[in-house]
Amino acid sequence: MLIVFIGPPGSGKGTQSKRLLEHLQIPHLSTGDLLREAKAANSSLGRLAAQYMDQGRLVPDPLVLALVGEKLREPKFKRGVMFDGFPRTLQQARALDESLAQRGTPLDMVLELRADENELTTRMLRRASQEGRTDDNPQTIAHRMEVYRQQTAPLLDYYRFKGMLTPIDAMGSPDEVFERIKAAVARRQPA
Ligand code: AMP
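Everything numeric here is computed off the predicted structure, so don't read it as measured data. (Residues numbered from 1 in each chain as written. Predicted model: local features only at pLDDT ≥ 70, side-chain atom pairs only at ≥ 80, totals over all residues. Heavy atoms only, no water.)

Draft legend 1. Summary view of helix H5 (residues 90–103). Taking 1.5 Å per residue, 14 residues should reach 20 Å; H5 reaches 20 Å between its end C-alpha atoms and fits that length. Residues Gln92, Ala93, Leu96 and Leu100 constitute the buried set of H5. The arc that holds every buried residue of H5, seen down its axis, measures 100 degrees, which confines them to one face. Away from its buried face, by an angle of more than 90 degrees, H5 presents the exposed residues Glu98, Ala101 and Gln102. Packing partners of the buried residues in H5 comprise strand S1 (2–6), helix H4 (61–72), strand S3 (81–84) and helix H7 (138–161). (Helix = DSSP H or I, 4+ residues; strand = E, 2+ residues; numbered from the N terminus. Expected span 1.5 Å × (residues − 1). Buried < 20%, exposed > 50% of the residue type's maximum accessible area, 1.4 Å probe, protein only. Arc of directions from axis to C-beta. Contact = heavy atoms within 4.5 Å.)

This is the structure:
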């Protein structure tokens, strides 16, 4: 199964996609995690990416696509992929469609986590003090929300038009949201 998770910053994409991967036993591919690893390793890619991430901007498409392309060649992703935080732009979505078409494994579903922006901002500020993420301060959070609206939200129409989009109400406890996700996935999976 190939599943994409899309949701505004703080909507719980990371948490929920990790729960779902345990449930479905599908390998997880989070571009945010990969970029944070590259940044922590202080590689040239990481240093470049950090300049964008620390300002709440998207890392340029060619960098992200190279990173994902390399990862997808790993044998474990032959079984399926849970994409978390990728694609985030139309260019990334089109590139993903092309590379999946070449592999002969199209996407199965796109889960959209929907939540109230004010609630998300509160959640993220709480997380900032717990995890110490350098991209979680009020200005960066506001900017990441704006980037989501402008660059990532258009993807929703792209996938809706293809009949792949499944909206999930992401308000409520992580357990409640996960139950909704499991139900949506079960509806899509052949019996
Ligand atoms: P996330 O953990 O998914 O919220 O990602 C954290 C940050 O990493 C984002 O604010 C971006 O700066 C960068 N990032 C993660 N995924 C992507 C992507 N698909 N395209 C561009 N930038 C990304």
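Draft legend 2. Quick look at the layout of surface pockets. One number sums up the size of the second largest pocket: a volume of about 210 Å³. Leu65, Val68, Gly69, Leu72, Arg73, Phe86, Ala95, Leu96, Ser99, Gln102 and Arg103 are the residues that line the second largest pocket. Where the lining of the second largest pocket is concerned, the elements lending two or more residues are H4 and H5. When its residues are assigned to classes, the lining of the second largest pocket shows 6 nonpolar, 3 polar and 2 charged. (1 Å grid on protein atoms, 1.4 Å probe; cavity = no way out; pocket = protein on both sides within 12 Å on 5 of 7 lines; lining within 4 Å. Points joined across faces, edges and corners; volume = space filled by probe spheres on them. Nonpolar A, V, L, I, M, F, W, Y, C, P; charged D, E, K, R; others polar.)

Draft legend 3. Just the nonpolar core, in detail. Counting residues in each nonpolar core, the largest one holds 30 residues, and the members touching the most others are Ile6, Leu29, Phe83, Leu96, Leu107, Val110 and Tyr159. The element contributing the most residues to this core is H7, with 5 residues. Here leucine 96 is in contact with Val4, Phe83, Phe86, Pro87, Leu107 and Tyr159, once residues within four sequence places are set aside. Leu20, Leu21, Val177 and Val185 belong to the second-largest nonpolar core, a separate cluster that totals 17 residues. (Core = buried A, V, L, I, M, F, W, Y, C linked by side-chain atoms within 4.5 Å.)

Draft legend 4. Focus on the packing of aromatic side chains. Considering all chains together, one arrives at 2 aromatic pairs under this definition. Their ring planes at 45 degrees and their centres at 5.8 Å tell us that phenylalanine 83 and phenylalanine 86 sit as a pair that is tilted. Of the two residues, phenylalanine 83 and phenylalanine 86, neither departs from the other in class, the shared state being buried. Seen from their ring centres, tyrosine 158 and tyrosine 159 are 5.1 Å apart, and the 75 degrees between their planes marks the pair as edge-to-face. Each member of the pair, tyrosine 158 together with tyrosine 159, is buried. (Phe/Tyr/Trp six-rings, centres within 6.5 Å; stacked < 30°, edge-to-face > 60°.)

Draft legend 5. Representation of the side chain of threonine 152 in the model. Structurally, threonine 152 is set in helix H7. Of note is the side chain of threonine 152, whose polar atom sits 2.8 Å from the backbone oxygen of arginine 88. (Polar contact = N/O pair within 3.5 Å; in protein donor to acceptor, adjacent residues only side chain to side chain.)

Draft legend 6. Main features of the site of the ligand. As a structural note, the neighbourhood of the ligand is formed by 17 residues, with Thr31, Arg36, Arg57, Gly85 and Gln92 the closest of them. Glycine 85 places a main-chain nitrogen or oxygen 3.0 Å from a nitrogen atom of the ligand. Glutamine 92 places a side-chain nitrogen or oxygen 2.9 Å from a nitrogen atom of the ligand. With the chains in place, 96% of the 480 Å² that the ligand exposes on its own is no longer accessible. (Near = heavy atom within 4 Å. Areas by Shrake-Rupley, 256 points an atom, 1.4 Å probe, with all protein chains shown as cover.)

Draft legend 7. Spotlight on the environment of alanine 128. Within the fold, alanine 128 resides in helix H6 (residues 117–131). C-alpha separation for the pair alanine 128 and proline 138, spaced 10 residues apart in sequence, amounts to 9.6 Å.

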